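# A structural walkthrough
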Amino acid sequence: MKKVIYIEGSHEMDNGDLRKAFAKLLEKELPGNMPRVIMGDGKNQTIDKFHSTPLTPGEQRFLLVDSDSPVSDKESVCSFFNEEKPNRKKDCTIDNTFLMIQESEAWVLSQPEILQKNKINVVKLPQRNVMEIPKPSDMLALLYKDSGKEYHKVRDFGHLLPELDTIKLKAYFKEFDELIRGLKD
């Protein structure tokens, strides 16, 4: 069984390599069992690639995108994605579709010690569940600005992502835990 994961994020490498960053993060949990990582660019493009790319024999396909809002019913999200693409080669299901709630930057915000290690002041980080922050990328940009730096979504996120502790990510984010379980099966 060949596993392939389509992830929302730029495939361009001018400012960093998100594919490599996600691969390094996933490899912590999946040594010797790594899926093929395909960066899909924007959310809609990523979902479209997931739906439309012809399946290869024995392929098990996964999707990882930002939710961009709180999620109360993942099955409805999958149905919405499927309705947007009537002629699809693969459906989104609760078993193959995973959400970064609300954005992937929430993963970074959940581990402020990584930011501090990178000399980012976290004083303005709200003391609440980071999945409740409407635009985690804006919050991360604010923290960078308060530290005299400018946050670049690809360059800086690509640098921080591999530093994250996957055990903490699995404990904090149910979706990340379920993604890892799905990729291990």
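Residues numbered from 1 in each chain as written. Predicted model: local features only at pLDDT ≥ 70, side-chain atom pairs only at ≥ 80, totals over all residues. Heavy atoms only, no water.

Relative to the helices and strands, Phe-157 is located in helix α7 (residues 153–160). Taking relative accessible area as the criterion, Phe-157 reaches 3% and is therefore assigned buried. Once the C-alpha coordinates of Phe-157 and Ser-104 are considered, the two residues, 53 residues apart in sequence, prove to be 8.8 Å apart. Setting aside residues no more than four positions away along its own chain, Phe-157 makes contact with Leu-18, Phe-22, Ser-104, Glu-105, Val-108, Tyr-151 and His-152. (Helix = DSSP H or I, 4+ residues; strand = E, 2+ residues; numbered from the N terminus. Buried < 20%, exposed > 50% of the residue type's maximum accessible area, 1.4 Å probe, protein only. Contact = heavy atoms within 4.5 Å.)

Okay, the packing of aromatic side chains next. A full pass over the atoms with the stated rule returns nine aromatic pairs. A centroid spacing of 6.5 Å and a plane angle of 55° characterise the contact between Trp-107 and Phe-173, whose relative ring orientation is tilted. Of this pair, Trp-107 sits in helix α4 (residues 105–109) while Phe-173 is found in the loop between α8 (166–172) and α9 (174–184), placing the two residues 66 residues apart along the sequence. Put simply, the rings of Phe-22, Trp-107, Phe-157, Tyr-172, Phe-173 and Phe-176 touch in pairs and so form one group of aromatic residues. (Phe/Tyr/Trp six-rings, centres within 6.5 Å; stacked < 30°, edge-to-face > 60°.)

Time to look at the side chain of Ser-110. Within the fold, Ser-110 resides in the loop between α4 and α5 (112–117). Note on Ser-110: relative accessible area 16%, which makes it buried. Ignoring sequence-local partners within four residues, the contact set of Ser-110 consists of Val-130, Leu-169, Tyr-172 and Phe-173.

Applying the stated rule across the entire model yields zero disulfides. Sulfur of Cys-78: no disulfide; nearest cysteine sulfur belongs to Cys-92 and is 5.7 Å away. By relative accessible area, which is 3% here, Cys-78 ends up buried. (Disulfide = S-S within 2.5 Å.)

Turning to the packing of helix α1 (residues 18–27) against α7, a few remarks are in order. In contact at an axis separation of 9 Å, α1 and α7 are set at 20° when each is read in the N-to-C sense. Here α1 is positioned roughly parallel relative to α7, judged by the angle of their axes. As α1 runs across α7, the sense of the crossing is left-handed. Packed against α1, whose contacting residues are Leu-18, Ala-21 and Phe-22, the element α7 presents Val-154, Phe-157 and Gly-158 at the interface. Taken together, the residues that form the contact of α1 with α7 break down as five nonpolar, one polar and no charged. (Axes fitted to C-alpha atoms, helices over the stretch in contact; angles between N-to-C directions. Parallel < 35°, antiparallel > 145°, perpendicular 65-115°, else oblique. Left-handed = near helix turned anticlockwise from the far one by under 90°. Nonpolar A, V, L, I, M, F, W, Y, C, P; charged D, E, K, R; others polar.)

Note that all results are geometric; they support no functional claim without further evidence.
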